[in-house]
Protein chains: 2
Amino acid sequence: MKNATDLFFDAFANRNRFNILMQLKNKEMCAGDLQQTLGVEQTNLSHDLKCLLNCKFISVRKEGRKRVYRINNETKELVDEVVKHVKNYETYLKKCGILKEEKNGRI
Amino acid sequence: MKNATDLFFDAFANRNRFNILMQLKNKEMCAGDLQQTLGVEQTNLSHDLKCLLNCKFISVRKEGRKRVYRINNETKELVDEVVKHVKNYETYLKKCGILKEEKNGRI
DNA sequence: TTTATATATGATAAAAATTTCATATAATGA
DNA sequence: TCATTATATGAAATTTTTATCATATATAAA
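Fair warning: this is a prediction, and the values are worked out from it, not measured in the lab.

### Quick word on the pattern of salt bridges
- Evaluated as defined, the whole model comprises 18 salt bridges over all chains.
- Between Asp-6 of chain A and Arg-15 of chain B there is a salt bridge, with the nearest N and O atoms lying 2.8 Å from each other. Of the two residues, Asp-6 of chain A is situated in helix 1 (residues 4-12) and Arg-15 of chain B in helix 2 (residues 15-26); the pairing between them involves two chains.
- The salt bridge partner of Arg-70 of chain B is Glu-28 of chain B, with a shortest N-O separation of 2.9 Å. In this pair, Arg-70 of chain B is assigned in strand 3 (residues 66-71) and Glu-28 of chain B in the loop between helix 2 and strand 1 (29-30), connecting sequence segments 42 residues apart.

Laid out in structure tokens, this is it:
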């Protein structure tokens, strides 16, 4: 059974969703803008936005036929913390053989 | 291709590995203690400890035939941040239908 | 009121992560 | 040295996550 922490990581610790949060750190954006900037599939993005919305990591408002997304403040801070940590540990992370990187070149 | 952030989440955002970090926040522990406290498989734990070590989220020293693990300070702080965030968003996380919780009871 | 644009939904396919299993190594004490 | 305890390793099986596909809805403009 999943606990709140598991659910948190499921939502937050995902490449595509985290990239969305990184973009929204700088400015509000509609789905179309995000799609272009991140170069992701439309349906994929839509699924991810819904997840982030459900978890209240972001909010949305309508503007014409577009939907404009915005990151919430607490989430923005946490994103910054993670970015900082990644920078500090980058060297070691890239060497950690347990993670998938290692498997490349072994096929 | 994976970047440093992906690798970070692979290592950090995992139920078992995060539980290990949570335990080590309070005190140093050897593998056997962790196994008992967390109720996990021995080999599984060993894999996870190696991952955390490689990433330098924890360190280890020998003591007789045991190995005593310790969390590093920066990682401890990040764990605290996450715990705080989870507490704040718990309600929404549990309602997010995208995450697996929803699938239970559907089979 | 038909068409085009912007975005959402649900089911399945594909890829990746986690667990399990069989076995290895390392240190200590008898 | 041999047995025992503590922990580690690598590969295969299982489970979960992510991507894709086919299609739906909602808004606005023609």
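### Concerning the protein's contact with DNA strand D
- Looking at DNA strand D, there are 26 residues lining it, with Lys-2, Asn-14 and Asn-16 of chain A together with Gly-32 and Tyr-69 of chain B nearest.
- The protein-proximal atoms of DNA strand D, defined as those within 4 Å of the protein, are 59% sugar or phosphate.
- Between DNA strand D and Asn-16 of chain A, the relevant distance is 2.7 Å, taken from a phosphate oxygen to a side-chain nitrogen or oxygen of the residue.
- In the environment of DNA strand D, a phosphate oxygen lies 3.4 Å from a nitrogen or oxygen atom belonging to the side chain of Lys-50 of chain B.
- When contributions to the surface near DNA strand D are tallied by element, the ones reaching two or more residues are helix 2 (15-26) and helix 4 (42-54) of chain A together with helix 3 (31-38), helix 4 (42-54) and strand 3 of chain B.

### Concerning the state of the cysteines
- With the rule as written, the count across this model stands at zero disulfides over all chains.
- Distance from the sulfur of Cys-30 of chain B, which forms no disulfide, to the nearest cysteine sulfur (Cys-51 of chain B) is 20 Å.

### Examining the relation of the copies chain B and chain A
- The operation relating chain B to chain A is a screw motion whose rotation component is 180°, with 0.0 Å of axial translation and a residual RMSD of 0.0 Å. Taken together, the rotation and translation describe the operation of a two-fold axis. Nearest to the rotation axis, the C-alpha of Ala-13 of chain B is located 3.2 Å from it, this being the minimum over chain B.

### Re the side chain of Thr-75 of chain B
- With respect to the element layout, Thr-75 of chain B can be found in helix 5 (residues 73-93).
- Each residue touching Thr-75 of chain B, except ones within four places of it in the same chain, is listed here: His-85 and Tyr-89 of chain A together with Phe-12, Leu-21 and Phe-57 of chain B.

### So, the confidence of the model for chain A
- Overall, the prediction assigns chain A a mean pLDDT of 90, with 90% of residues at 70 or greater.
- Low confidence marks residues 101-107 of chain A, where pLDDT is under 50. Its contacts with residues over four positions away, or in another chain, come to five contacts.

### Here we look at the environment of Val-40 of chain B
- Tracing the chain through its elements places Val-40 of chain B in the loop between helix 3 and helix 4.
- Sequence separation of Val-40 of chain B and Asn-16 of chain B is 24 residues, and the distance between their C-alpha atoms is 8.3 Å.

### Details of the interface of chain B and chain A
- Contacts between chain B and chain A engage 43 residues on the former and 43 residues on the latter.
- Across the interface of chain B and chain A, roughly 4,200 Å² is buried in total on both sides, 70% from carbon and sulfur atoms.
- Counting every contact that joins chain B to chain A gives two salt bridges.
- Inspection of the region where chain B meets chain A yields six residue pairs in polar contact (both at pLDDT 80 or more).
- Elements with a contribution of two residues or more to the side of chain B that touches chain A: helix 1 (4-12), helix 2, helix 4 and helix 5 of chain B.

Basis of the calculations
- Each chain has its residues counted from 1, following the order in which its sequence is written.
- Working convention: letters from A go to chains and numbers from 1 go to ligands, in the order in which they are written.
- Whole-chain, interface and lining totals are the exception, using all residues; otherwise, since this is a predicted model, local features are given only for residues with pLDDT of at least 70 and side-chain atom pairs are given and counted only at 80 or more.
- Excluded from the side-chain calculation are hydrogens and water; included are all heavy atoms of the structure.
- When a carboxyl oxygen of Asp or Glu is within 4 Å of a side-chain nitrogen of Lys or Arg, the pair counts as a salt bridge.
- To qualify as a helix, a DSSP run of H or I must reach at least 4 residues; to qualify as a strand, a run of E must reach at least 2; elements of each kind are numbered from the N terminus.
- In this text, near means that some heavy atom of the residue lies within 4 Å of the molecule or strand in question.
- Counting of polar contacts relies on pairs of N or O atoms within 3.5 Å, with two restrictions inside protein: one atom must be capable of donating a hydrogen and the other of accepting it, and residues adjacent in sequence are counted only when both atoms are side-chain atoms.
- Pairs of cysteine sulfur atoms within 2.5 Å are what we label disulfides.
- Copies are brought into register by a least-squares superposition over C-alpha atoms of residues with pLDDT of at least 70 in both.
- The contact criterion used is simple: two residues touch if any of their non-hydrogen atoms lie within 4.5 Å.
- Per-residue confidence from the predictor is given as pLDDT, running between 0 and 100.
- Accessible-area loss on putting two parts together, using a 1.4 Å probe and summing over both, is the definition of buried area adopted here.

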